[in-house]
Amino acid sequence: MIYEYSYLQNFIKNVFLSIGCSETDADLASKVLISADLRGVDSHGTARLSGYVRLYDNGRLNPTPNIKIIHQTPSTAVIDGDKGLGLVVAPYAMKIAMEKATNVGSGWISVQNSNHFGIAGYHAMMASDNDMIGWAMTNAAPLVTPTFSKEKLLGTNPIAVAVPAKNNPAFVADFASTAVAYGKMEILQRKGSPAPIGWVQDKEGNPTDDSNAVKNGGALLPLGGDREHGSHKGYGLGAIVDIFSGVLSGANFGPWVPPFATAGFMTAGEQVGKGTGHFLGAMRIDAFRPAEEFKADMDKWIDRFHAAEAVEGKKVLVPGDPEREIEAERKANGINLLEPVVKDLQALADRFGIAF
C-alpha cells in the first residue's frame with residue numbers, strides 16, 4: 001500500500017509519543033526514521049517502528065533519557081545516551097561534534113548506552129549541511145561472521161560520510177560493512193524470496209541462498225562475501241566501526257552488542273559495556289582550506305565522475321545519487337509499504353488508539 005511520507009511521519013511521531021517520548025524527541029525520531037524510507041533504505045525506516053516499541057516493552061529503551069557528556073576535551077567527547085532512542089541520541093552527539101568543530105576545527109564523539117540510530121547518512125548529513133564533513137558509524141548486534149569463522153562476532157556496522165559541494169548535492173556514502181544490511185534480509189523473508197549467494201552462510205559456514213539462514217544458526221557475510229572476493233576487507237571495516245563505536249566509548253562491542261529488539265531469535269545476554277555504541281565526527285572545511293574553494297573543487301570532482309564513459313545502458317553515479325532520486329520520487333508519489341509492515345503498523349495503531 002502507498003502512503004504519503006508526511007502521513008507516515010505523523011503516525012510514527014504519535015507512536016513515540018504513546019510510549020512516553022517528549023514532543024521534541026518524538027518529532028526528531030520520526031524525521032530520522034522517515035528519512036530512511038524517503039531515501040530508499042526501507043530496512044531502516046517505518047518497518048523498524050515496532051522494533052523500537054519492543055525495546056521499550058523489554059525495558060531497554062528509556063523514552064525520557066538524560067543524555068549527557070561524561071568525558072570531554074576541546075575536540076572530543078564521550079556521551080552517555082541513558083538508553084534513549086538512538087534516533088535522538090545520535091543527532092544530539094552530532095550537534096556536540098559540530099560545536100567542537102566550530103571551536104577547534106573538528107569534533108569527534110563516541111557514544112555509549114544508546115540504541116539503534118536509524119540510517120547513518122542522516123547524522124552525517126547534519127554536518128554537510130553546515131560546511132562540514134560529517135562522519136557517522138554505529139556497531140550493532142552480532143549477525144556477521146569474520147572471514148573463515150562460523151561464529152557471529154560483528155554487526156552490520158555501517159559507515160556514512162557526507163561531503164558538501166557548491167552547486168551539486170552533497171556526496172553521501174552510506175553503507176554497511178557487510179554484503180547486505182540485515183534489514184534487507186528481513187524484506188526477503190517477508191516476501192518469501194531467496195538471498196543472493198554471497199550474502200549469507202549456513203551454520204556450517206557454507207554459502208546459501210536461504211534468507212532465514214541467520215535465524216537458523218548461520219551468519220551474514222562481510223562485504224566481499226568470501227576471501228577470494230575481499231571479505232577480509234569488509235571484516236576490517238566492520239572491526240574498525242566496532243572499535244570506534246564500542247571499545248572507545250565504553251559501550252558493548254563484538255558478540256556482546258545487544259540485539260535491536262529482544263523479540264525473535266536473539267536476546268540480550270552478557271554485557272561488557274553499556275548499550276549500543278556510535279561514533280560521530282564533524283570536520284570544518286575551512287580548518288583545511290577556504291570552504292568555497294573546496295566546494296567548487298567538489299563540484300569538479302562530482303561533474304567529472306558523472307561524465308565518465310559508462311558501459312552500455314548504464315550511467316556512472318556518485319554516492320548519494322540513487323537516494324536523492326528515490327527521495328524525489330517518493331515525496332511526489334508516496335511510499336509503498338509491504339503488507340507485513342502495514343499489519344505491524346495497524347497493530348501499533350490498535351494498541352495505542354491511533355488512527356492508521
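Further up the page is the structure itself.
None of these values were measured; they are calculated from a predicted model.

J.: How would you summarise the packing of helix H4 (residues 86-104) against helix H5 (residues 120-128) if you had to cite specific residues and measurements?
T.: At their nearest, the axes of H4 and H5 sit 10 Å apart, and the two run at 25 degrees to each other. By the angle class used here, H4 and H5 are roughly parallel. Our pair here, H4 against H5, has a crossing hand that is right-handed. Here Ala-90, Pro-91, Met-94, Lys-95 and Met-98 of H4 lie close against H5, whose contacting residues are Tyr-122, His-123, Ala-124, Met-126 and Ala-127. Along the lines of polarity and charge, the residues of the contact of H4 with H5 split into eight nonpolar, one polar and one charged.

J.: I'd like a description of a nonpolar patch on the surface, backed by residues and values.
T.: Residues Ile-240, Ile-243, Phe-244, Val-247 and Leu-248 make up a contiguous nonpolar surface patch of about 440 Å² in total accessible area. Mapped onto the fold, Phe-244 is located in helix H7 (residues 231-247).

J.: Pulling in residues and values, what's your account of the side chain of Thr-208?
T.: Relative to the helices and strands, Thr-208 is located in strand E9 (residues 207-208). Residue classification places Thr-208 among the buried residues on the basis of a relative accessible area of 14%. Beyond its immediate stretch of four places on either side in the chain, Thr-208 contacts Pro-196, Ile-197, Val-200, Gln-201, Asp-202 and Ala-213.

J.: Run through helix H10 (residues 339-352), naming residues and quoting values.
T.: Compared with an ideal rise of 1.5 Å per residue, which puts 14 residues at 20 Å, H10 spans 20 Å between its outermost C-alpha atoms and is within 8% of the ideal. For H10, the set of buried residues is Val-341, Val-342, Leu-345, Leu-348 and Ala-349. In an axial view of H10, the angular spread of the buried residues amounts to 120 degrees, which keeps them on one side of the axis. The outward face of H10, more than 90 degrees from its buried face, is lined by the exposed residues Glu-339, Lys-343 and Asp-350.

J.: Describe in detail the pattern of salt bridges, supporting the description with residues and values.
T.: With the rule as written, the count across this model stands at 18 salt bridges. For Arg-351, the salt bridge identified is with Asp-57, shortest N-O distance 2.7 Å. Taken together, the residues span a long stretch of sequence, with Arg-351 in helix H10 and Asp-57 in helix H3 (residues 49-57) at a distance of 294 residues. Here Asp-57 falls in the partly exposed class, since its relative accessible area comes to 43%. The salt bridge involving Glu-325 is made with Lys-315; its shortest N-O contact spans 3.4 Å.

Rules of the game
Residues numbered from 1 in each chain as written. Predicted model: local features only at pLDDT ≥ 70, side-chain atom pairs only at ≥ 80, totals over all residues. Heavy atoms only, no water. Axes fitted to C-alpha atoms, helices over the stretch in contact; angles between N-to-C directions. Helix = DSSP H or I, 4+ residues; strand = E, 2+ residues; numbered from the N terminus. Parallel < 35°, antiparallel > 145°, perpendicular 65-115°, else oblique. Left-handed = near helix turned anticlockwise from the far one by under 90°. Contact = heavy atoms within 4.5 Å. Nonpolar A, V, L, I, M, F, W, Y, C, P; charged D, E, K, R; others polar. Patch = residues over 30% accessible without salt bridge, like charges linked within 9 Å, V, L, I, M, F, W, Y side chains within 5 Å. Areas by Shrake-Rupley, 256 points an atom, 1.4 Å probe, with all protein chains shown as cover. Salt bridge = Lys/Arg side-chain N within 4 Å of Asp/Glu carboxyl O. Buried < 20%, exposed > 50% of the residue type's maximum accessible area, 1.4 Å probe, protein only. Expected span 1.5 Å × (residues − 1). Arc of directions from axis to C-beta.

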